[in-house]
Amino acid sequence: QLQLAESGGALVQPGESPRLACVASGFTLDRYNVGWFRQAPGREREGVSCITMSGWNTNYAESVEGRFTISRDDANNVVYLHMDDVKPEDTARYHCAVSPLILRQCTLNSESDTYQNWGPGTQVTVSS
C-alpha cells in the first residue's frame, strides 16, 4: 500500500535544531506535493510547511517562517523538515502527507489541497 512514515522526533531543548524525515513507500514521492503538519493536545492541526513536486515552491506558517526549512531528496524518496531554533510552542506530533493535485503552488490547507496518505507522525517535545 501507499504509505508515509515520519522519523526524527525527540525531546529537545529550546534553540536546538532537530531534523524530521518523511519517507515514502509504495510510490514515488517526486510526483507529489508534500506537506508537514503538526498537532498538539488541545490544539487544532496546523499546517507547518509544504513543497511542490518540483521543489521550486515552498510555503511556511508564520510561526515557523525563518526557522524551519523544507527540502526533498527524490532519489531517496524523502522529504525533510529542518527545524532550527525550536521553541516550546513547537511541541507537537508532526505528520507528513501528499497532495494528489497537480498544483504549481502548495498550501497549508489540508482540505483544499486534499492531503492524504497521512503518516503516523513523530513526536517533537521542546522543553528546558
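Above: the structure in question.
### With respect to the sheet that holds strand β3 (residues 19–25)
By way of backbone hydrogen bonds, the strands of a sheet pair with one another, either parallel or antiparallel.
Item 1. The strand order β1-β3-β8-β7 describes an open sheet built from four strands, whose pairing is antiparallel. Bordering the open sheet on either side are β1 (3–7) and β7 (68–73), each of which pairs with just one other strand. Mean inter-strand twist for the sheet, computed between neighbouring axes without regard to direction, equals 15°.
Item 2. As defined by bridge partners, β3 adjoins strand β8 (residues 78–83) across five bridges and the pair is classed as antiparallel. Among the inter-strand pairings, leucine 20 is bridged to a residue of β8, identified as leucine 81.

### Topic: the state of the cysteines
Item 1. Evaluated as defined, the whole model comprises two disulfides.
Item 2. Across the disulfide, cysteine 22 is cross-linked to cysteine 96 (sulfur-sulfur distance 2.1 Å). Judged by the torsion about the S-S bond (75°), the cysteine 22/cysteine 96 disulfide is right-handed. Taken together, the residues span a long stretch of sequence, with cysteine 22 in strand β3 and cysteine 96 in strand β9 (residues 92–99) at a distance of 74 residues.
Item 3. When its relative accessible area of 0% is taken as the criterion, cysteine 22 is described as buried.
Item 4. What links to what in the protein chain: the bonded cysteines, counted in sequence order, pair as 1-3, 2-4.

### Thoughts on unusual backbone geometry
Item 1. For threonine 114, which is not glycine, the phi torsion reads 45° and is therefore positive.
Item 2. With respect to the element layout, threonine 114 can be found in the loop between β9 and β10 (122–126).
Item 3. Threonine 114 sits in the partly exposed class, given a relative accessible area of 32%.
Item 4. With a phi close to 55°, asparagine 117 is a non-glycine residue in the positive phi region.

What counts as what
Residues numbered from 1 in each chain as written. Predicted model: local features only at pLDDT ≥ 70, side-chain atom pairs only at ≥ 80, totals over all residues. Heavy atoms only, no water. Pairing = 2+ DSSP bridges. Helix = DSSP H or I, 4+ residues; strand = E, 2+ residues; numbered from the N terminus. Axes fitted to C-alpha atoms, helices over the stretch in contact; angles between N-to-C directions. Disulfide = S-S within 2.5 Å. Buried < 20%, exposed > 50% of the residue type's maximum accessible area, 1.4 Å probe, protein only.

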